[in-house]
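# Notes for the structure review
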Amino acid sequence: MSSKEDKYSVELYKRLGDSDAAIRELAADEILTGLIKENNLLKWNQAVERLLSGVGSPQRTIRLGYSNLLGNVLYTIRDEVSTKQFCKMLAVDKIPMKEPNGTDRQVPALQVLLAVHTYLSHKKLVSNPKLASTDINSMFDILFKVAERAPFVRELSFAILCNALITLPDRLVDSGLQFYIIRRLADEKKTYFALEGVAVYLSIRSRTNFDTSLGQKKKNKYIYWNYANPLARSNFDMLSRIINEAPLNVRSPSLEQLTGTDESDFSYLQVHSWRKRRHCVWDAIPNMYATPNAHNPPAAGTEEYKRETVPLQMIWAKVDSKYFVTELDYDDNDKSITGCNILAVFIRTVDIDYFSQLFTRNVSRELTVRDEMYAYSSNDRLRSFAVKRVAAAVKARCEEHPLDVPVTWKLLLSHVPTFDKNTLSALLSIVAEYSVDEALIDGTYNMLEDLYLRPTGQVLEHSARSIGDLRREIIGIVFQLLKSTRQCTFTSSTWRKSAIKLLVWTACFKTIDPTSELYAAPELAQPQVVLAKQRLESSMTFMIGENTQKPLADGGDHQLSWPYLTVQVLQELEVDKDRYTLVNPVDQTLIKKARKILNGLQSLKSGESTNPKANLIEIFVSLIVLFVYTGSAVNEELEDVIKFGSTITNDILKERRQNLKNHDNPARKNKKRKVNSSESISSNLDCVEEEDLIEGNVGPVLVEMILAFSTKKSTVLKETCENLMKWFANLIDEEALQLFYNVLQAKENLSGQNELFDVEDDEVDMEHEDDEDEEDVESSDDENASNSADNDDDDSDSMSIDDAEDVGTVQSDAQNKNFEEALSQVLGVGDNSKKRKMPGDNADSDSGSEDDMTDEQMLALDHHIAVLFKDRVSGSNNKQTIASRKKLEKQAKENVVFAKTRTLDMLNAFVRSIAGKTATGTPNVSENVGRLIISMFIPLLKLIKTTTNDGIRSRTYLFIRTEVSRAQFQVSLTDDIYELLTAVLNETAHTNGSTYTNACAAVAMFLCKLLYKSGAGKEHPEVLSKLMTIYTDFMKKWAIDKKLANSSNLFIEFIRWVEEERKK
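Description of the structure in this document. (Residues numbered from 1 in each chain as written. Predicted model: local features only at pLDDT ≥ 70, side-chain atom pairs only at ≥ 80, totals over all residues. Heavy atoms only, no water.)

### Side note on the overall build of the protein chain
- Summing up its helical and strand segments, the protein chain has 51 helices and 4 strands in all.
- Residue burial in the protein chain is summarised as follows: out of 1064 residues, 46% are buried.
- Contacts in the protein chain between residues at least 24 apart in sequence constitute 74% of all its contacts with a sequence separation of at least 6.
- Element-wise, carbon and sulfur atoms account for 48% of the exposed surface of the protein chain, whose accessible area totals about 54500 Å². (Helix = DSSP H or I, 4+ residues; strand = E, 2+ residues; numbered from the N terminus. Buried < 20%, exposed > 50% of the residue type's maximum accessible area, 1.4 Å probe, protein only. Contact = heavy atoms within 4.5 Å. Areas by Shrake-Rupley, 256 points an atom, 1.4 Å probe, with all protein chains shown as cover.)

Okay, here's the thing in structure tokens:
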């Protein structure tokens, strides 16, 4: 071989030990392909020797790569190199078997054992039909020799032997080989009555082809264990003595550590890390309990009783007393670490019926205090890792057997309240993944509900706080189950209804009958009630769009929303007064009104086609009713919602009536049914036929409702409206968004407030303005008079009415004198030279007499008298009027600013619900919805430009920057978007503050990216060219005109974006 080829070969073997599994596989394939191509037996033997040296490497990845390739090579040359020849290559009799001292680079004993394990566990090799039980026997002989010559790997040798006895096919481990192994054990009495011998016996018995005649032979000199079963009742005393006398730990590394199945990167040269692990016998014992014991136990003292395998509880009692800590020897780490490792194996192997026997008091204590005592102690890291190994075993068991989750979860919650949170989350994910399995999801919830109402296990031995923590944990799990399974399909949602009922009962009711279904022992604490209220309200957020089927009396199907179903549950519990009572009573009058609206809406939804307005109002009314019961909403809020709901419901009724009138069916036209508008909603609905509704545009109705209630200073109503925007975002159109834009463009003063909230002003006829002015004057006079009287009464209760009038007269003599003179001029009384000329008067006419006045003069006189009296009132209360006016203006500005803030919140919820990307990274917004987002830019920029509130200005800019500009969608290339881009760029030049300029720049950059993406990027270079033309033209204008306010950052950002696109 040339030096170049040798270097290449060395490089291949170096890559064979790479940390990346893919690189190892490629290197192995290349080496094997080269050997096959050369087909030289000498080369094959050299490769085997080289691989044997690498199998014993201290580095885990090298061991993995070399052992995998060794198995493939041995399988490829199986005809040229037999099993006996391979055994000669190992040369067990010649290699040193000394224990490593920490400085050795190789351990020959481990090298041989790993080579044998590779041979016995390679699937292709053991499936070779030419391989016989005699070949396996040769391998077993090597294991016995290594165990005899190297005591420090004795347990590892028998671990490999037991693993092979369990996994090899039946044809390779026949009855003859089974008896041969037992006979070999009999030749070494120190092994026969040791844990290794017990492990071998149990491994043989766990095989499906176990020779039962071995257990029936009596007085056989080779079979010392009665019935060939160390776990038989007649052998339990001997087995107990062996377990008690055995050392706590094993000094050799475990098979999992050497073969790479252990996740930790283990180096077997670190002799100190060999300690604190389980013996291989604890891998064999759980296999005897992998299936439940279905038959009845035989009578004590009989032959069947002596032959029977002892219950797991008896074996586990030995483990518990030997390995798990007690209060007296709490600091013995070696015991607890070994115990946790044994527990992990039992969890992975034994039948689920035995699980409750594993979580004893000592086990629960060890698993519970791990977070509290070991998390921050470097000396106890191995102990903490051992507990994590238990958590990993729980997760693996439940992933392999999902139906075991309810039992496992119950034991962990009731016995180990502080168990590993990541593992509990993994259990939740497993249930969510297999939630289509009704047996799993129903079993899990029933377990949680039963444990919530009646805690069991070790939790009862602790304080009431522990029970409270358990219940709080269960509420959180139920909430997460509701949330994580919302996208799954169900033939029925029984468990979800039960979960809602549990939350409703906890949040709003107390049980007075101990025999009722929902009765908690011990009684629920206040923190659980508060948490249940929060979880109940939050659960509506993600369940709102889901419906469940409920059969009607006539056999039909009826769509119910989850909020309405929750209200039904509330009413069912409230009616059952013998068992349950409300914690916080509610106003039943309002509840009855709300119930009447909900019943009416259900009647409207009974047809084949459903009006979206009915769904909308049903959800909104149901939510507020629920919030009233939980105490999050007050009666006034419910009353407002009822009024609005009643109005919309009546509108739906009118639509249906109109639909009936316009129907073309002559038979239906001749069918006259009269509807009385004065009757209740439910009675009116009974007269309406089930016809297709005139749905109209639901978006504006939704926005009107949101604007009506989001502008109220109620957190509950605000959050509800935000959720409505998310749930019904598909109903929003341009007409609906325009209602939001009208709020954003309102003036922040009294007139702006009147435009937003005073609906009557728009409906007033212009011809009655004068009459209304006079009425306003009279009402203002009455109000001022009453206010002045009230103030006088407050100042002095003892002052008489006459005294008050005298004081008022003295204070206003000058004002009264001026008023009398002005009134005389108007009426024509007194000095004629001071008379005021009226319209229509002639110079020669005598206007002093009222009889000579025309109708026009009388009307003009009335108007001047009204103005005179109004001026008198304004003059007398001028200071009070100015102060009141300022107060009203201030309050009006605050109201308008508050309305704009809430409107931005609603728009934010809308954009978040429709914008973004799907799981595959593709745009999630259609072009039509994208156009709606584009339509927001101008109103938002106008808001920044016109508002006087800095908070609104910065909030709007942040909304544009973080939400609107990040929406993912594409649009068709139209001139209107280019025109919008040009207009926005021109707006950056205005001196309206840096916030406005930055907002315009952000919008312009977003439009550039949108146009470029919609034009498929480089596939349509004319798009980029047009964008550069727009920016270049504006840059020229900016360079010439120094009055323009925008900075160069606008162009720098555009150039950076172009540079990024070039790199792509």
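That shown, we press on.
### A short note on the nonpolar core
- One finds F140 and W505 to be the most contacted residues of the largest nonpolar core, which totals 285 residues.
- With residues near it in sequence (within four places) discarded, F140 still touches L120, L161, A164, L165, L168, L177 and I181. (Core = buried A, V, L, I, M, F, W, Y, C linked by side-chain atoms within 4.5 Å.)

### Looking at the pattern of salt bridges
- One pass over the full model with this rule turns up 20 salt bridges.
- K410 serves as the salt-bridge partner of D450, at 3.8 Å between the closest nitrogen and oxygen. Placement of the pair is D450 in helix α26 (residues 438-453) and K410 in helix α24 (residues 405-415), with a sequence separation of 40 residues.
- D450 gets classed as partly exposed once you look at its relative accessible area, which sits at 28%. (Salt bridge = Lys/Arg side-chain N within 4 Å of Asp/Glu carboxyl O.)

### Focus on the packing of aromatic side chains
- Tallied over the entire structure, the rule returns 17 aromatic pairs.
- With centroids separated by 5.5 Å and ring planes inclined at 15 degrees, the aromatic side chains of F86 and Y119 adopt a geometry described as stacked. Residue F86 is located in helix α5 (residues 83-90), and its partner Y119 is located in helix α6 (residues 108-121); the two are separated by 33 residues in the primary sequence.
- On the accessibility criterion, Y119 (7% relative accessible area) is buried.
- With centroids separated by 5.8 Å and ring planes inclined at 85 degrees, the aromatic side chains of Y289 and Y354 adopt a geometry described as edge-to-face. With Y289 in the loop between α16 (281-284) and α17 (303-307) and Y354 in the loop between α19 (333-349) and α20 (355-358), this residue pair connects regions lying 65 residues apart in the sequence. (Phe/Tyr/Trp six-rings, centres within 6.5 Å; stacked < 30°, edge-to-face > 60°.)

### Comments concerning the packing of helix α47 (residues 950-962) against helix α49 (residues 994-1014)
- Following both chains from N to C, one finds α47 and α49 inclined at 15 degrees, their axes separated by 10 Å at the closest point. Taken together, the axes of α47 and α49 are roughly parallel relative to one another. The two elements α47 and α49 meet at a crossing, and its hand is left-handed. The segment α47 lies against α49, with R953, Y957, I960 and R961 engaging T995, N998, A999, A1002 and V1003. (Axes fitted to C-alpha atoms, helices over the stretch in contact; angles between N-to-C directions. Parallel < 35°, antiparallel > 145°, perpendicular 65-115°, else oblique. Left-handed = near helix turned anticlockwise from the far one by under 90°.)

### With respect to the environment of S538
- Here S538 is to be found in helix α29 (residues 526-543).
- Taking the relative accessible area as the measure of exposure, S538 reaches 30% and is therefore partly exposed.
- Along the sequence, S538 and K483 sit 55 residues apart, while their C-alpha atoms lie 9.6 Å from each other.

### Thoughts on the environment of C398
- When you line up the elements, C398 lands in helix α23 (residues 381-400).
- Given the relative accessible area of 0%, C398 is considered buried.
- As for C398 and I430, which are separated by 32 residues in sequence, their C-alpha atoms are 7.5 Å apart.
- The residues touching C398, leaving out its near neighbours within four places in the chain, are V405, T408, L427 and I430.

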